[in-house]
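What follows is the residue order along each chain.
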Amino acid sequence: LVAEFLIWMNQKNLSYNILGKTAWLCKLAYQLRESGKLMSAMLVCAVALERYLVVTFPLKVMAIRMTQISMIVIGLILFTGAALSIWASVMFNTISLWPGATICLVSLDKYDVYINLNLGISKIFGEVVCSTVVAVLTMLILKHLVKARNWRKEEQQHNVIKTSDI
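Residues numbered from 1 in each chain as written. Predicted model: local features only at pLDDT ≥ 70, side-chain atom pairs only at ≥ 80, totals over all residues. Heavy atoms only, no water.

Caption draft 1: Inspection of the overall build of the protein at higher detail. Each helix and strand in the protein was counted, giving six helices and two strands. What you see in the protein, going N to C, is helices and strands ordered as α-α-α-α-α-β-β-α. Taking all 166 residues of the protein together, the buried fraction comes to 27%. Here the analysis covers contacts within the protein between residues at least 6 apart in sequence; of these, 68% occur between residues at least 24 apart. (Helix = DSSP H or I, 4+ residues; strand = E, 2+ residues; numbered from the N terminus. Buried < 20%, exposed > 50% of the residue type's maximum accessible area, 1.4 Å probe, protein only. Contact = heavy atoms within 4.5 Å.)

Written out as structure tokens, the structure is:
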């Protein structure tokens with residue numbers, strides 16, 4: 001969120017242009033922005049997978065060390081998000097508009113590559129793949145919940161018939 005705020009300030013007014021003053025801050029802000037998008041999408045996928053496992057295998061999940069596995073998954077998500085967003089720090093740099101006025105932008109020679117990487121990694125992975133995974137896992141969760149509800153109803157009816165026979 002801090003990176004998003006700095007980028008917004010960079011685009012609104014040159015007098016508040018913090019990113020244009022130093023190249024490393026410019027690169028860092030855009031890398032944090034892209035890694036934040038990717039990590040957010042991957043965390044949603046991880047939570048959906050954890051929900052699915054809890055609904056599908058409730059007794060087995062209690063026996064697994066979920067805290068340790070969760071820490072490993074979060075570490076992998078952080079590493080993957082940072083690794084997949086490293087391209088943003090390469091693309092952005094400070095560009096001088098006129099003497100005394102610099103701004104943080106993608107240079108024109110790298111703009112085509114930036115658009116392709118942004119669409120390829122952030123949009124397709126973050127929006128299409130993770131959204132599809134979450135949707136499929138949610139449908140499977142609902143299927144298991146309906147199946148469990150029907151099984152409980154049948155068991156209740158079966159128990160009512162047995163007690164009425166007595």
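Caption draft 2: Main features of the nonpolar core. Counting 11 residues, the largest nonpolar core consists of Y30, L38, M39, M42, I77, W87, A88, M91, V106, Y114 and I121. Counting only elements with at least two residues in this core, the list comes to α2 (23–56), α5 (86–91) and α6 (111–165). Per-element accounting of this core gives the leading share, four residues, to α2. With residues near it in sequence (within four places) discarded, L38 still touches G81, L84, S85, I121, S122 and F125. (Core = buried A, V, L, I, M, F, W, Y, C linked by side-chain atoms within 4.5 Å.)

Caption draft 3: Up close: the layout of surface pockets. Taken as a whole, the largest pocket spans an internal volume of roughly 290 Å³. Around the largest pocket sit 13 residues that line it, and A46, E50, I69, S70 and V73 are the ones nearest its centre. Ranked by residue count, the leading element in the lining of the largest pocket is α2, at six residues. Considered class by class, the residues forming the lining of the largest pocket number 11 nonpolar, one polar and one charged. (1 Å grid on protein atoms, 1.4 Å probe; cavity = no way out; pocket = protein on both sides within 12 Å on 5 of 7 lines; lining within 4 Å. Points joined across faces, edges and corners; volume = space filled by probe spheres on them. Nonpolar A, V, L, I, M, F, W, Y, C, P; charged D, E, K, R; others polar.)

Caption draft 4: Main features of the environment of V90. With respect to the element layout, V90 can be found in helix α5. C-alpha separation for the pair V90 and K27, spaced 63 residues apart in sequence, amounts to 7.1 Å. The residues contacting V90, other than those within four sequence positions of it, are K27 and K110.

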